[in-house]
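Spelled out from the first residue to the last, the chains are:
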Amino acid sequence: MTPRILFSLVLYKHKFRDFQLLLESIENLHKLKSCDHFVELSIYDNTPVEIESFSKLDFERYSYNILYNRCEKNIGFGQANNKNFESLNYSDKDVLIVSNPDIYFDGLDLSKLIVSFANNSEFSCVSPLIKNNNELIQYSAKNNPTILSLLLGFLPFLKILKFFYIYDFNHKNKQFNYNIDCIKSTYLSGCFLLIKPHVYRKVGGFSKEFFLHLEDADIVRKCSKYGITCHYPKASVTHLWARGSHKSFTQIYLLIKSIFVYFKLWGLKIL
């Protein structure tokens, strides 16, 4: 059976243009002659039914298989990704990729990372080099969450003080060269993750306890028990990074709720 590259995409009140670059990137990956994998995408749309959806024509322009599911109830990021992979009926030969809508990449570049990841039995979960649209690195291979690290995420101006600056520098592993170093980390950004199927199955996918935020910190930490989890700059992706948790009271509430869930599961750590 030919291995497949299985992408999972979760939407909530997104317009087609919000994730069109991602669909085009997957199309370029799919069309590579050097790629010996089938490429498939499963979309789980949490958008309320009263809001206009996409037309079939939006998806028919692409040559790879796209499964589109819509739910009347928002079940959250993690559970929607679980539903996506269940619908794709993955096997241990496949490569699972969780992606945010606001991501795009070079297909040939990513294919090299996928092959390397699939052929290395020591890896359980990796993320590529992540940059924003200004080519600035997003330092996403972090140490496990702490009260202080999360506080600095809310109040970044505190980093003008030397203690907080040094703490943040070390927490985000900035002593490494993100462009070339493989950085072991148990807290990788969930905006783009490659996960081995047998590991995803062992950890039970994303935890039901998380609706949104810190589900990446939880699943990567669990994956680290079954192999190396690391920042692996064999390829890069561009993340437009909406930072919704800093824009609405609902997002802030969900983040605070997830913080309590995370520390309940893994134990409270201040520094």
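Residues numbered from 1 in each chain as written. Predicted model: local features only at pLDDT ≥ 70, side-chain atom pairs only at ≥ 80, totals over all residues. Heavy atoms only, no water.

As a further point, take the overall build of the chain. Within the chain, the regular secondary structure consists of nine helices and nine strands. Relative to a compact globule of 271 residues, whose C-alpha radius of gyration would be 18 Å, the chain shows 18 Å and is just as compact. With respect to the principal axes defined by its C-alpha atoms, the chain has extents near 55 × 45 × 35 Å. Burial statistics for the chain: of 271 residues in total, 52% are counted as buried. Partitioning the contacts of the chain with sequence separation of at least 6, the portion at a separation of at least 24 is 82%. Working note: accessible area of the chain is about 13,600 Å², and carbon and sulfur atoms make up 55% of it. The chain carries 33 positive and 25 negative side-chain charges, and their two centres are separated by 7 Å. (Helix = DSSP H or I, 4+ residues; strand = E, 2+ residues; numbered from the N terminus. Rg over C-alpha atoms; globule rule 2.2 N^0.38 Å. Buried < 20%, exposed > 50% of the residue type's maximum accessible area, 1.4 Å probe, protein only. Contact = heavy atoms within 4.5 Å. Areas by Shrake-Rupley, 256 points an atom, 1.4 Å probe, with all protein chains shown as cover. Lys, Arg positive; Asp, Glu negative; His and termini not counted. Charge placed at Lys NZ, Arg CZ, Asp CG, Glu CD.)

Moving on, we come to the packing of aromatic side chains. All told, the structure shown has 18 aromatic pairs when counted by the stated rule. Summarising the aromatic geometry, the rings of Tyr-90 and Tyr-200 are spaced 5.9 Å apart at their centres and angled 85 degrees between planes, so their arrangement reads as edge-to-face. Of this pair, Tyr-90 sits in the loop between helix H3 (77-88) and strand E4 (95-99) while Tyr-200 sits in helix H7 (residues 197-202), and the two are 110 residues apart along the sequence. Exposure class is identical for Tyr-90 and Tyr-200. Each is buried. (Phe/Tyr/Trp six-rings, centres within 6.5 Å; stacked < 30°, edge-to-face > 60°.)

If charged atoms from side chains of opposite charge come close, those side chains can pair. Scanning the entire structure with this criterion turns up eleven salt bridges. Residue Arg-4 pairs with Asp-94 through a salt bridge whose shortest N-O separation is 3.2 Å. In this pair, Arg-4 sits in strand E1 (residues 4-11) while Asp-94 sits in the loop between H3 and E4, placing the two residues 90 residues apart along the sequence. Taken as a pair, Arg-4 and Asp-94 share a single burial class, namely buried. Where salt bridges share partners, they join Lys-159, Asp-168, Lys-172 and Lys-174 into one cluster. (Salt bridge = Lys/Arg side-chain N within 4 Å of Asp/Glu carboxyl O.)

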